[in-house]
Amino acid sequence: MAVVLPHGALFRTGKEGVIRKKLLSMDILDAVIGMGPNLFYGTGLAACIMVFRKTKPAKRRKQILIVDASSQFKKGRAQNEMLSSHVDQIFQWYRDYQDVEGVARCVSLNEIKENDWNLNIPRYIEPVIEEETITVAEAIENLKVSLNAAYEAEDKLKTLLNDAGLQGGGENLR
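The rules behind the values
- Residues numbered from 1 in each chain as written.
- Predicted model: local features only at pLDDT ≥ 70, side-chain atom pairs only at ≥ 80, totals over all residues.
- Heavy atoms only, no water.
- Helix = DSSP H or I, 4+ residues; strand = E, 2+ residues; numbered from the N terminus.
- Contact = heavy atoms within 4.5 Å.
- Polar contact = N/O pair within 3.5 Å; in protein donor to acceptor, adjacent residues only side chain to side chain.
- Buried < 20%, exposed > 50% of the residue type's maximum accessible area, 1.4 Å probe, protein only.
- Pairing = 2+ DSSP bridges.
- Phe/Tyr/Trp six-rings, centres within 6.5 Å; stacked < 30°, edge-to-face > 60°.
- Lys NZ or Arg CZ within 6 Å of the ring centre and 35° of its normal.
- Axes fitted to C-alpha atoms, helices over the stretch in contact; angles between N-to-C directions.

Colleague: Hey, could you run me through the environment of Asn80 in this one?
Modeller: With respect to the helices, strands and loops of the structure, Asn80 is situated in the loop between strand S4 (63-68) and helix H2 (84-96). Put simply, Asn80 and Gly42 are 38 residues apart on the chain and 12 Å apart in space, counted from C-alpha to C-alpha. Dropping the residues within four chain positions of it, Asn80 is found in contact with Pro37, Asn38, Leu39, Phe73, Lys74 and Lys75.

If you want it as structure tokens, here you go:
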């Protein structure tokens with residue numbers, strides 16, 4: 001069985017927390033899939049899909065697959081849309097039931113219990129941040145190039161001020 005719910009069902013306390021804890025302790029929750037925003041009529045909020053199995057395969061017992069599929073949609077004007085390629089990709093992650101960096105993670109019930117039965121997706125999946133890393137030598141070289149460009153711009157400014165008859169402007173810029 002799959003149920004579509006707001007993300008709050010994954011972490012809210014109170015009665016929802018009691019229900020979540022009971023379902024988790026029964027070991028019938030197989031997967032949590034976080035969806036993108038504005039996919040469902042009547043709400044612009046992102047939703048999640050909770051997949052339940054009465055009897056989980058042995059290799060899946062005492063763990064839950066958590067998937068961040070929030071990027072799997074096509075941006076629309078009035079509403080976003082999931083293409084068949086998005087659905088296929090999400091289903092593949094679910095079928096494989098294994099860790100995928102920045103997207104999916106098999107989490108033990110013990111870890112979830114340690115997190116006070118909280119299933120909030122960012123708690124378990126860190127997005128992959130692709131940033132350019134450079135060496136210290138490259139950073140120093142970039143600084144030298146930028147500093148030389150700044151000095152050239154300052155010299156040009158002084159020349160322009162002098163040509164305009166504004167003597168003394170910018171003499172102490174360095």
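Anyway, onward from the coordinates.
Colleague: Any chance you could explain the side chain of Asp27 here in plain terms?
Modeller: Within the element layout of this structure, Asp27 appears in the loop between helix H1 (14-25) and strand S2 (29-34). Polar contacts involving the side chain of Asp27 include one to the side chain of Lys56, which spans 2.8 Å. Beyond its immediate stretch of four places on either side in the chain, Asp27 contacts Lys56, Arg61, Lys62, Gln63 and Leu109.

Colleague: Please clarify how the pairing of S2 should be interpreted in this entry.
Modeller: By the criterion of burial, S2 is predominantly enclosed, with six of the six residues buried. One ladder, built from five bridges, connects S2 with strand S3 (residues 47-52); its direction is antiparallel. Its bridge partner lying in S3, Ile33 is registered against Ile49. Of the strand pairs in this sheet, S2 and S4 are connected by four bridges, and their pairing is parallel.

Colleague: Any chance you could explain the environment of Ala31 here in plain terms?
Modeller: Relative to the assigned elements, Ala31 resides in strand S2. For the pair Ala31 and Ser85, spaced 54 residues apart in the sequence, the C-alpha separation amounts to 20 Å. Beyond its immediate stretch of four places on either side in the chain, Ala31 contacts Ile49, Met50, Val51, Ile64, Leu65 and Tyr94.

Colleague: I tried to follow the packing of aromatic side chains on my own but got confused; where do I start?
Modeller: What characterises a pair of aromatic rings is the spacing of the ring centres plus the angle enclosed by the ring planes. Scanning the model with the defined rule gives one aromatic pair in all. The aromatic ring of Tyr94 is capped on one face by Arg60, whose charged end is 5.1 Å from the ring centroid.

Colleague: Can you help me understand the sheet that holds strand S5 (residues 104-108) in this one?
Modeller: Spatial ordering of the open sheet is given by S1-S3-S2-S4-S5, a layout of five strands whose pairing is mixed. Two strands in the sheet have a free side with no partner beyond their single neighbour: strand S1 (2-6) and S5. Adjacent strand axes in the sheet meet at a mean angle of 20° when their direction is disregarded. Bridge count for S1 against S3 is five bridges, and the pairing is antiparallel. By the bridge assignment for S3, Val3 is matched with Met50.

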